[in-house]
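Observations on the three-dimensional arrangement
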Amino acid sequence: MKIITLKRTNLILFVLSIFFLAFIFLIDLGFYYTRNYPSNIYGLREFMIVFALLFFSSLIYRQHYIQEKDILFKLKSLFVAILGVYLATALPKFLLPIQYYKTTTDLPVLFSSLMTLLHSTFVSIFATLFFIAILFILRDLIFYKSKKGTRRLFWAGLILLLIYVLYEQFQYGNAHAEWSFKGRDRVEWILSGAMLIVMMLLSFRTAWVNMLNKKQKILTFWAGVLILPGAIALSRSSSYQSIYYYSLTVAAFDAYVAYFVYIYVLFSLFSILLHLPTASIFDRKMNEISSLHNLSRTISSVMDYDAVLKKVTELTTEVLSSDYCWLEMIDPSTEARKIVSWRGINKTNLKHYSLDGEEGNLSHWIIRNKYSVLINDVSKDLRVKHLKFWKKDLNSLLAVPLISKGNVIGILYAAKRTEFGFDNEDRELLQAFANQATVAIENANLLKESIERERLAQELRVAHETQLKLLPKQMPAVEQLDIEGICITANEVGGDYYGFISLDDSRLGIIIGDVSGKGISAAFYMAELKGIIEAYARIYQSPKELLSQMNRVLYQNVDRQTFVSLIYAIVDLQKNRIRFSRAGHCPLLVISPDTGEVLRFQPAGMGLALDEGKLFDRILDEQELPIRDGNIFVFYTDGLTEARNPEGDEFGEERLTAVLSQIKGKSASEIVDTIVHQLKSFVGEARQHDDISILVVRVKKP
């Protein structure tokens, strides 16, 4: 919408400008052919010309080559505009020589012939359009980093020009065949002198020269030398006679801008000459600022840790023009140093660099003092004598610490083959550079750790979902048994597991176990455990035999830090017996239907995968109990009894036994809910650190 409005405005300005100029040209043609020029039409004609040029001025100002802020682009545009003026004034004179005659009639010189009318109109319009562009460009160059006083002075010059034009109009009009942009009486002398002073004062405003590097200054200087003759030629009043015949106002404006260009170009050349000796220093400062800017951009754009380290040495070499550069990073846990990035050093040389130097060497000194070091003669400083053995052509050195939260996390080195290759400004620059680099490295490191945490969290979520899928979706439907189980997982993935295996119509296998450790490996071992049980349960009819075989398989397939505690029980409803073995797991609790007493059964056994078989088989025991109507068997994992409250106290077997002694008459589901409720009341807001699994089997009448 904004673009459409802008285009529409430009079109309106263009049409109005063309309309006024075309209307003036048609009127001029009418005067020429009728040989009649009313004396009172002159003022109105000038007024219309001024309006047309004002519209053109607004149109030119809106173009991007005027609004462009880049200094080099401005200078190029100025060069092109001056060339445009020169061509607009010189080419018609060269290609179509026109002789202006003083008319013997009342008609102005403009109407000497049809060709003079066409010539003056063409030169006036096109030269003035280029002059308008030049004035805008000069204004921007003068205003560059200027104060308000400069702007006021600039507008004062234009106001003086306006006064001059008005004075000329009222005093002389176009009554004279010859015109010169200089004083013909005292008022004109004063106005001309004042305008010249303003131009000279404004011509001192050449702050844009400071922004050019040495190469650009040289190019601009020679371009100015080329422009200067043209500017001198344009400032000659005789160049504007044909424009004066067209309009005194236009001629005065064009001459004013031409003089202004001539003076400003001359002053600019002097300014460039004065700045050339210090151009190299300026270039270096610009390079330093640019490099710091690049590093700042790197901070926000490069998030890869290794890429940031590489960028640090690359920019250091570029900024300081150093022959060698390397970055040592310090491991916060071991305080060991390691070269992580380098420039100008091959890998063979790098292998001979000693990171374990004497206590008094430079690295230790910087770590201890947290201060940068400048050494302009390496051979005379004992702290870096080892570097001289390492690189014989290394003669000057600059080293700065990378400090984060008061600790030195690294040291950035820059070195040159020449002695006295650095100064204090270099040291301050490199320290500022190192501070920026520290931020970049810290950010990249944090991102790296964040990505790693996110990756682990994603793996844990997958493992957690896998763990839940291994648990039975529903309890087995056995007519004489009321079964309910629950697994409350902690935030981290654990290794709890429970399940059932239907051996035949009257026998049901019950498993509850806990893989040691947490995390993804525990979840996958649990999955492996489930597969082994389901494969062996129908082969080995005795719990002890099953666990013995499982132990042999697991011992061969899990790492030595992992073991599994487990209870496997077979409920035989035909014989009303339950047989079970315990591989280092929590005891089986049985509630008597008569007294409500909680009995604790803990046959001997050790965890699975702790021994290859002999010791396991010798220790492992199997126990058999009768089943009576109303018996309640409670299986659980150690996450239940080891759950802690905010004070650090464990829930413990005593509290569990107390809870179970109060469950008479309740269903398996109600018993589980009761245990969980009591557990939550005890734990409160304390964090759960382990999975909690509870399995309740209540015997009921068929």
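The structure we're discussing is the one just above.
Residues numbered from 1 in each chain as written. Predicted model: local features only at pLDDT ≥ 70, side-chain atom pairs only at ≥ 80, totals over all residues. Heavy atoms only, no water.

Comments concerning the overall build of the chain
- A tally of regular secondary structure across the chain gives 22 helices and 15 strands.
- Burial status across the chain gives 49% buried among its 702 residues.
- Taking all contacts inside the chain whose residues are at least 6 apart in sequence as the whole, residues at least 24 apart take part in 71%.
- Counting every atom, the chain has about 35,300 Å² of accessible surface; 58% of that belongs to carbon and sulfur. (Helix = DSSP H or I, 4+ residues; strand = E, 2+ residues; numbered from the N terminus. Buried < 20%, exposed > 50% of the residue type's maximum accessible area, 1.4 Å probe, protein only. Contact = heavy atoms within 4.5 Å. Areas by Shrake-Rupley, 256 points an atom, 1.4 Å probe, with all protein chains shown as cover.)

Let's talk about the packing of helix H2 (residues 41-61) against helix H5 (residues 114-143)
- Contact geometry for H2 and H5: axes closest at 10 Å, N-to-C directions at 50°. In terms of their interaxial angle, H2 and H5 are classed as oblique. Of the two possible hands of crossing, H2 and H5 adopt the one that is right-handed. Every residue of H5 that contacts H2 at Leu 53, Phe 56, Ser 57, Ile 60 and Tyr 61 is listed here: Thr 128, Leu 129, Ile 132, Ala 133, Phe 136 and Arg 139.
- The class makeup of the residues in the contact of H2 with H5 is eight nonpolar, two polar and one charged. (Axes fitted to C-alpha atoms, helices over the stretch in contact; angles between N-to-C directions. Parallel < 35°, antiparallel > 145°, perpendicular 65-115°, else oblique. Left-handed = near helix turned anticlockwise from the far one by under 90°. Nonpolar A, V, L, I, M, F, W, Y, C, P; charged D, E, K, R; others polar.)

As for helix H7 (residues 186-203)
- Taking 1.5 Å of rise per residue, the 18 residues of H7 would be expected to cover 26 Å, and the 26 Å separating its terminal C-alpha atoms lies within 8% of that figure.
- Within H7 the residues assigned to the buried category are Glu 188, Leu 191, Ser 192, Met 195, Val 198, Met 199, Leu 202 and Ser 203. For H7, the buried positions fall inside an angular range of 135° around the axis, keeping them on one side. For H7, the exposed residues set more than 90 degrees away from the buried face come down to Arg 186, Trp 189, Ile 190 and Ile 197. (Expected span 1.5 Å × (residues − 1). Arc of directions from axis to C-beta.)

Here we look at the nonpolar core
- Ranked by size, the top nonpolar core spans 77 residues in total, and within it Ile 134, Leu 141, Trp 208, Tyr 256, Val 257, Phe 260 and Val 261 carry the most contacts.
- Ignoring any residue separated from it by four or fewer positions in sequence, one finds Val 261 in contact with Ile 82, Ile 134, Leu 138 and Ala 231. (Core = buried A, V, L, I, M, F, W, Y, C linked by side-chain atoms within 4.5 Å.)

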